[in-house]
Amino acid sequence: MKPAAFDYVRAESVNEVLEGLSKEGGNARVLAGGQSLMAMLNMRLAKPRLLIDIMRLKELNRIEEQAGVVTIGAGVRQAALLAWPELARTQPLLARALPWVGHVQTRSRGTICGSLAHADPSAEMPLALIALGGEVHLRNARRRRRVAATEFFLGMMATARAEDELIEAVSFPARAGERCAFREVARRHGDFAIVACAAVATSKGVRFAVGGVADVPQARDWPRLDGSALDDALNGFAYELDARDDVHATARYRRDLVRIIGRDLVREVLQ
Amino acid sequence: MTRLSADGRHPVRFKLNGRPVEAEAEPRTLLSDFLRQQIGATGTHVGCEHGVCGACTVIIDGMLTRSCLTLAAQADGCEVQTVEGLAPSPDRLGILQQAFRRNHALQCGFCTAGILMSLDHYLRRHPAPSEADIRDLLSGHLCRCTGYTPIVKAALEAAAELATTTQEKSDA
Amino acid sequence: MAEAAVQSASSVDQNTAEDRPWVGRSIERVEDAALLTGRGRFIDDLGTPPGTLHAAILRSPHAHADIVSVDAEAARRAPGVAAVLTGEQVKALTSSLVVGVKAPVECWPIATERVRYVGEPVAVVVASDRARAEDAIELINVEYRPRAAVVDPLAALAADAPVLHDGFPGNLASDRSFSYGNPEQAFAEATHRFSIDIRYPRNSCTPIETYGVVATYDAAENAYDILANFQGPFSIHTVISRALKVPGNRVRLRTPPDSGGSFGVKQGVFPYIVLISAASRAVGRPVKWIEDRLEHLTASVSATNRATTLSAAITADGKILALDWDQVEDCGAHLRAPEPATLYRMHGNLTGAYDIRHVKVRNRVVVTNKTPTGLNRGFGGPQVYFALERLVQRIAIGLRLDPLDVIRRNLVPANAFPYRTATGALLDSGNYQEAIARAVEQGQLAELKARRDEARAQGRLYGIGFTAVVEPSVSNMGYITTVLTAAERRKAGPKNGAQATATVALDPVGGVAVHVASVPQGQGHRTVLSQVVADVFGLKPQDVRVNTEIDTAKDAWSIASGNYASRFAAAVAGTAKLAAERIAVRLARIAASQLNVEPADIMFAGGFVASKRNPENRIAFSRVAALCHWSPGSLPDDAGQTIRETVFWTPPELTPPDDQDRINSSLCHGFIFDFCGVEIDRTTFETRIDRYVTMHDCGTILHPGMVNGQIRGGFTQALGAALYEEYAYAADGSFLTGTFADYLLPTTTEVPEPQIIHIETPSPFTPLGAKGVGEGNCMSTPACIANAVADALGLADVTLPLVPAKLADLVRGPEPEPPTGQSKAAPTREGDRRLRGEGRASVNGAPEQVWTMLLDPQTLQAVIPGCEQVHKVSDTHFRADVTLGIGPVSGRYRADVQLFDLDPPRAVTLRGKAEGALGFGTAEGRITLEPDGKGGTQLSYSYDAAIGGKVASIGGRLLDGATRVIIGQFFAALARQAGGGAPASGISMFALLAKLASLFGGRR
Ligand SMILES: Cc1cc2nc3c(=O)[nH]c(=O)nc-3n(C[C@@H](O)[C@H](O)[C@H](O)COP(=O)(O)OP(=O)(O)OC[C@H]3O[C@@H](n4cnc5c(N)ncnc54)[C@H](O)[C@@H]3O)c2cc1C
Ligand code: FES
Ligand code: FES
């Protein structure tokens, strides 16, 4: 279980990263926390020609709050965000969801942006991004652009990031998720979610988002629903997610969890 | 920009438990293999090479790190701590290590190095952990022998003892 | 971290209790200081001889296939590669491994001509380092011709099942029936008959350290020097030497000082010992192989899965008169020695803790397309007790009795020991009634029942389970011959006993050294032996140095040597005591002559040999001990040497099976009584262990700390087996749990602390009165938790592992219908793991246009991403090399596609496959084209696809999803291409197939 050979660059500036990406395209991979990429390299599922290590770039290692908008650089590790004293105040949903990402020993290395780039359908950070309506900041050698959460995740492990683009940062809107709830069911503590749900109070009602079921986390915006209207909405959503069986759970089980947990969370934030 | 080429061997230097070490590695060499095979620090074990078992856990620049998910080249210039650096001297055990021995918190000892590193790192920062804290921390490690409870107990005992020793030190 | 001096508990104890024996105390372990400071010496920590090469193994992605060809030329030319060995070459250097039953069947450590399980070795690359060996592995091209696979033991017996070995017709390797007492009559006379059907799943104890072998062939002497973290039994040494075609004295097998856990599993390294030894012979250099985790999970060894039907004849008041066992044991693809031992290890104990005089047994052993099985903690016990103890609960429910009453009613009476079971075991000692009474009281069963009532009153799902289990230990090396008929046994010659060996030696300054052939994997043997021997000589454990490594060229060993069947405390430690005592008797004679007393007046205490009557009359132990080295002439004539004593001990109780097939399969029989309370979450159906009480009688306890350590460790593995762990296979033989993210071990957050209670009834058959203790909870706990879950949910049948989704599906009522107008659930995957689905797309071009595109290979190369070469075999048959990726996952594939049932321009069937390093895919699709009336085409498709190999075993979580996404994308692309009027695009089934195969669930 040893990786295939690759070149390694420890980038000393963002431009170096962009240069490398534009030259090598799909043959280059950004190495962030390595918590997903390295395992894939060890298993030889991925065989890039070049790894570009971005973790010594000070300019990417920033958490900024501006007018309530929280921007998290590509170098920010999950543990660092969790330890950021303003997190619970500014982004309570992230504060609740982050402890579910892996374990202390993986959060200490893994990054927020790396998790978004990896786009595992069961991952918590993509779910939070969808629930909160955040934006991904992309950059290549020529331009910068921002992509909204709903446009970023295209499918299982597939995103709108072009091969020559670096995710520079991700931003979460101000006061999103002031009233929020999060719940996850996994086989064991620290495992990827079988179903993860987030509910966020909105001006019109509630946004309810689900990860672990469809290929990408999905959200629905609902007015203030209750009773059988809520049950119907959840039931419809559960079916729309097109759940599947795998070794850990059945499709029916996933739909049940969406219905039951959904009801609890929506009620909790609408209270 | 220095690009380390795939087929070459490149010098890697870092501080291991406070002492400088240096050897050559290919870009693809994992830190776990580098420590064990190039440096001869075989106390760090390898149990899965995909980040789950925790046997290979070390500390790099103050961060708990799976050495199997880290390239040797990434550690260049860093401070690396491993189980070999935990004991105060070759014939003495640290408080945590003693608590492990007292509580039979190890059997085969294969998982132990990684668990000790997680606990050492954690207890320095959280002097009064609860049992739930310790269990949460150690959920990132697999042990197939002990059933975990003696490990949790050893950790709590060590925490208590460390708290009193620090107390004594500051009293003195 | 603050400092503190190394201080051992033994030195603390010493002041307080000088005269207490060391045995029975939880002293700190001598092993620990090294392990806690990173100075353990595991196999991969030890240096290798200069020039050592490293091996990597190419493994089969198919569960069952013929090997058509192996092209290893490119691999042989790769940098650093010394050799590539295929089955043919290994076959030339070795002979077949011993097969567990007499049959015209061969068993090689590497596939020859045919692969029979996913992960079976197909080629070995030997190179300068592991990474380069793995680089070369990827360059080997193997062409397979897949065969139908069978993974279910009962399905394997069906008349039309694919056959794995011609020498096992109908996949049946053994079929034996037994009858003890008069079961027919008992069943005829009984008031009730209860039956249960059990499917015990596959799982494994997966030690955290994997297998390792370093083999060196010495051409000059035609001998092998092998270092391996093998654990015994050393009967396997004979298998190895036979396979390597040299006499046993030319196979020097050594074990490293430390081993990172085994639980039986490291017995299974032996085929790799043969394989790597052959590789060393082929390259003329030492060769090292360290198994990686993916290899371990896929292909090391597992416990057997078993299909059991168990019936009981019952009186009106719940007394079990007779049992009728029908067991179908699944040993995987090869019946490797010592299998079918898992099935027969429990043969004497098929009545468990109960006094049942009539037993009928049918034992069948089948082969299936799964990894071969071998030793695993519990070894046959979990399979037997799950059936028996689930049945006991059924009986109680059926008769409206308390399950505990049914258990009590049937226990072996306390005054009946030693008790001969119907099937031949001699239960050495015990008092099951007393053990249960104490457990009920100390474990507060009454309070637990109140908790259950309270929980249920609140509408919570709460249940209580019980199990009573006899834990056999110290296996009779002859039990496996029960698989033979009495006549066959007579022909083969007797097999029985359990030789344990121990050597005690005194050095010229009076130091005591002990050596045993016990190969511990973390059980602290060195500590316990130092206690045992220190007691004999009146020394401190620190004065005794123990070595537990084995070197078969130099050490005393026998076929029973090794670490299995919980034989250490009962057999090995006792043998060390006997060896020490032999020397002590002689030392006493010597000391007696020096002290002028009778030898009977001599005692050993506090480092001295002294007169019992006048303790002041004494001489230092070291002086007496050294005398034999320095002045043998001054010893009393009849004293004999005191330098070194090796004792071989085998219990006379372990006799071969008798002519009625009664077998005392083990020497000692501990007793375990467990009960637990569990709560099932109503939302998630997760099982939470509220309280677990486990009562153990393992005879005399030598080291309480370690005994409890064994119990907790076994309990935790059993908890895993009950709730999380399964080596899951798809019906096509794909292996689905190939990483630690899919094969789920319990962690700190899942494991509660069991309440452990002890009672000690010493074994009369072992020198120290000790019995084994390491395996019991693996036998009792899965059944106990299952009983509790069945109680909580009111279920008659539960299958392990108790996956929440499975429980939910059993309990929940019909699902709410989807809102009107919304389609029902997506096509679900069938049990055969083939993925089926359908869809449609609108295309602008007319059907004729689309048809041309579908059949035009010319444009393929240009439009399929990563397509490197298209080779047109015929108008309807194409081959291509493609490189494809999804997200970061990419791989290279050879694709092969054929078109069938052409009905231009209306319909076509595509059938094809793709194969590459990451796995393979096969698919069949029917495409129909209909004019949409607006000049365009309505394209509908249905497909049926399957993916196997590495992608399936390490990406199971995401695989189906990814497959469907890709299929959808493919047809969407087709529609786009056609719509844009572009020339024929990547509309070829092989692009699709290759893409399918390239998918991976990027889990960790
Ligand atoms: C034991 C274990 C348990 C885990 N459990 C969970 C869990 O429960 N939930 C969960 O969500 N995750 C889990 N993870 C994965 C999580 O820890 C990873 O951190 C995360 O998926 C990836 O972040 P990373 O920084 O490590 O990225 P890397 O592994 O370095 O990279 C992942 C991918 O993203 C790309 N990439 C990374 N950063 C960028 C960037 N800035 N721009 C462009 N591309 C980039 C890389 O090229 C690579 O393809 C687990 C991992 C382990 C080992
Ligand atoms: S070896 Fe690194 S986590 Fe298992
Ligand atoms: S002590 Fe053996 S794995 Fe933990």
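All residue numbers here refer to positions counted from 1 along the written sequence of the relevant chain. Written order determines the labels here, with chains lettered from A and ligands numbered from 1. For this predicted model, a pLDDT threshold of at least 70 governs which residues receive local features, and a threshold of 80 or more governs which side-chain atom pairs are given and counted, while totals over whole chains, interfaces and linings are taken from all residues. Only hydrogens and water are removed before side-chain values are computed, so all heavy atoms of the structure are retained for them.

## Structural notes on the overall build of chain A
Put simply, DSSP H or I for four residues or longer makes a helix, DSSP E for two residues or longer makes a strand, and each gets a number counted from the N terminus. A tally of regular secondary structure across chain A gives 11 helices and 14 strands. Relative to the globule expectation of 18 Å for 271 residues, the C-alpha radius of gyration of chain A, 19 Å, shows essentially globular dimensions. Dimensions of chain A, computed from C-alpha atoms along their principal axes, come out at roughly 60 × 45 × 30 Å. For each residue, the accessible area found with a 1.4 Å probe, counting protein chains only, is set against the maximum for its type, and the residue is called buried under 20%, exposed over 50%, and partly exposed in between. Across the 271 residues that make up chain A, the buried fraction comes to 66%. Residue burial considers only the protein chains on display, and all accessible areas are found by Shrake-Rupley using a 1.4 Å probe. Taken as a whole, chain A presents about 9,200 Å² of accessible surface, with 45% of it coming from carbon and sulfur. Atoms counted for the radius of gyration: C-alpha only. Globule rule: 2.2 Å times the number of residues to the power 0.38.

## Some words on the domain arrangement of chain C
Residues and elements named next belong to chain C. Examined at the domain level, chain C breaks down into domain 1 (43-147 + 211-291), domain 2 (155-203 + 302-481 + 655-809), domain 3 (499-649) and domain 4 (835-1000). Annotation comment: domain bounds sourced from an automatic or database domain assignment. Just the C-alpha atoms count here: the centres of domain 1 and domain 2 sit 35 Å apart. Note on contacts: a residue pair is in contact if any heavy atoms of the two residues lie within 4.5 Å. Across the contact, 28 residues belong to domain 1 and 31 residues belong to domain 2. In total, about 2,200 Å² of surface goes out of reach between domain 1 and domain 2, with carbon and sulfur atoms giving 62% of it. A side-chain nitrogen of Lys or Arg and a carboxyl oxygen of Asp or Glu constitute a salt bridge if their distance falls within 4 Å. Counting the contacts that link domain 1 with domain 2 gives zero salt bridges. Sorting the residues of the side of domain 1 that touches domain 2 by element identifies α8 (235-243) and α9 (270-283) as the ones contributing at least two each. By definition, the buried area sums, over both parts, the 1.4 Å-probe accessible area that each loses when the two are put together.

## Considerations on the sheet that holds strand β28 (residues 755-758) of chain C
Residue and element names in this part refer to chain C. With respect to topology, four strands assemble into an open sheet ordered β18-β26-β27-β28, the strand pairing being mixed. Whereas interior strands pair on both sides, the edge strands pair on one side only; in this sheet they are β18 (461-475) and β28. Strand after strand, the sheet turns through a mean of 15 degrees between neighbouring axes, direction not considered. In this structure, strand β26 (residues 666-680) lies alongside strand β27 (residues 687-697), joined through 10 bridges in antiparallel fashion. Across the sheet, F671 pairs through a bridge with D697, a residue of β27. Relative to β18, helix α13 (residues 403-410) is tilted by about 25 degrees, and along the sheet it contacts β18 and β26. Strand pairing is assigned whenever DSSP identifies at least 2 bridges connecting the two strands. Axes, fitted as lines to C-alpha atoms, cover a helix only where it is in contact. Angles between the N-to-C directions of the axes lie from 0 to 180 degrees.

## Overview of the confidence of the model for chain C
All names here are of chain C. As a per-residue measure, pLDDT tells how confident the predictor is, with possible values from 0 to 100. Residues of chain C with pLDDT of at least 70 account for 90%, and the chain-wide mean is 90. Ignoring residues within four places in sequence, the model shows residues 827-831, a span with pLDDT below 50, making 10 contacts including any to other chains. In this model residues 980-1004 is a low-confidence stretch, pLDDT under 50, and it forms 108 contacts with partners more than four residues away in sequence or in other chains. With pTM at 0.94, the complex prediction returns an ipTM value of 0.97.

## A few points about the pairing of strand β2 (residues 10-16) of chain B
All names here are of chain B. Residues H10, V12, F14 and L16 line the buried face of β2, whereas the alternating positions P11, R13 and K15 sit on a face that is not buried. Bridge analysis of β2 against strand β3 (residues 19-25) gives seven bridges, and the strand direction is antiparallel. If you follow P11 over to β3, its bridge partner there is E24. Connecting β2 to the next strand, β3, in antiparallel fashion are two residues, including N17 with a positive phi near 50 degrees. Sheet analysis places β2 next to strand β6 (residues 79-81), joined by two bridges and oriented parallel. Residue pairing across strands places K15 opposite E79, the latter belonging to β6.

## A word on the nonpolar core
By nonpolar core is meant a set of buried Ala, Val, Leu, Ile, Met, Phe, Trp, Tyr and Cys residues that side-chain atoms within 4.5 Å join together. Counting 254 residues, the largest nonpolar core has A:F208, B:F100 and C:F673 as its most contacted members. Excluding residues that lie within four positions of it along the chain, B:F100 makes contacts with B:A105, B:L106, B:T112, B:I115, B:L116, B:L119, B:I151, B:A154 and C:L36. In this structure, C:A500, C:V514, C:V609 and C:W649 belong to the second largest nonpolar core, which totals 61 residues.

## Overview of the pairing of strand β4 (residues 63-66) of chain A
All names here are of chain A. Alignment of β4 against strand β5 (residues 69-73), held across four bridges, turns out to be antiparallel. Directly across from Q66, in β5, lies its bridge partner V69. Counting the residues in the hairpin turn of β4 and β5 gives two residues, including A67, whose phi is positive at 50 degrees.

## Looking at helix α2 (residues 95-102) of chain B
The α-helix advances 3.6 residues per turn, and as a result positions three or four apart in sequence lie on the same side. Residues and elements named next belong to chain B. In terms of burial, α2 is largely enclosed, as seven of its eight residues are buried. Every buried residue of α2 is accounted for by I95, L96, Q97, Q98, A99, F100 and R101. Remark: H104 follows α2 within two positions and exhibits a positive phi of approximately 50 degrees.

## A closer look at the interface of chain C and chain B
Opposite the 62 residues of chain C that make contact, chain B presents 58 residues. In total, chain C and chain B occlude about 5,000 Å² of area from one another, counting both sides; carbon and sulfur atoms represent 57% of this. Where chain C touches chain B, the interface holds six salt bridges. Across the salt bridge formed by C:D45 and B:R36, the nearest N and O atoms sit 2.9 Å from each other. Think of a polar contact as two N or O atoms within 3.5 Å of one another; within protein, one of them needs to be a possible hydrogen donor and the other a possible acceptor, and neighboring residues in sequence only count if both atoms come from side chains. For the interface between chain C and chain B, the tally reads 23 residue pairs in polar contact (both at pLDDT 80 or more).

## Description of the site of ligand 1
Contacts to ligand 1 come from 34 residues, most closely from A:V30, A:G34, A:L37, A:T111 and A:E124. In this structure, ligand 1 sits where chains A, B and C come together, each supplying nearby residues. One nitrogen or oxygen atom from the side chain of A:R29 is found 3.2 Å from an oxygen atom belonging to ligand 1. Here an oxygen atom of ligand 1 sits 3.4 Å away from a polar atom, N or O, in the main chain of A:D191. Contact with the protein chains hides 99% of the accessible area of ligand 1, taken as 970 Å² for the molecule alone. Sorting the residues of the shell around ligand 1 by element identifies β2 (28-31), α7 (112-118) and β10 (166-172) of chain A as the ones contributing at least two each. Here a residue is considered near a molecule or strand provided that any single heavy atom belonging to it is located within 4 Å of it.

## As for a positive patch on the surface
Residue and element names in this part refer to chain C. The residues that make up patches have over 30% relative accessible area and no salt bridge, and they are joined within 9 Å when like-charged or within 5 Å when they are Val, Leu, Ile, Met, Phe, Trp or Tyr. The charge count treats Lys and Arg as positive and Asp and Glu as negative. His and the chain ends do not count. By convention, the charge on Lys lies at NZ, on Arg at CZ, on Asp at CG and on Glu at CD. A cluster of like positive charges, contributed by K102, R242, K491 and K495, occupies part of the molecular surface. Structurally, the position occupied by K491 is in helix α16 (residues 486-492). A relative accessible area of 79% means that K491 is categorised as exposed.

## What to know about the side chain of B:H10
Residue and element names in this part refer to chain B. For H10, the location among the structural elements is in strand β2. Overall, H10 belongs to the buried group, its relative accessible area being 15%. A polar side-chain atom of H10 sits 2.9 Å from the main-chain carbonyl oxygen of S5.

## Some thoughts on the interface of chain A and chain C
Contact with chain A, which involves 51 residues of that partner, is made by 63 residues of chain C. Overall, the association of chain A and chain C removes approximately 5,100 Å² of surface from exposure, summing both partners, and the carbon and sulfur fraction of that is 54%. Summed over the three residues of chain A that lose the most area to chain C, namely A:L45, A:R187 and A:R188, the buried surface amounts to 15% of that side. At the boundary of chain A with chain C, the tally comes to eight salt bridges. Notably, a salt bridge pairs C:E138 with A:R44, separated by 3.3 Å at the nearest N-O pair.

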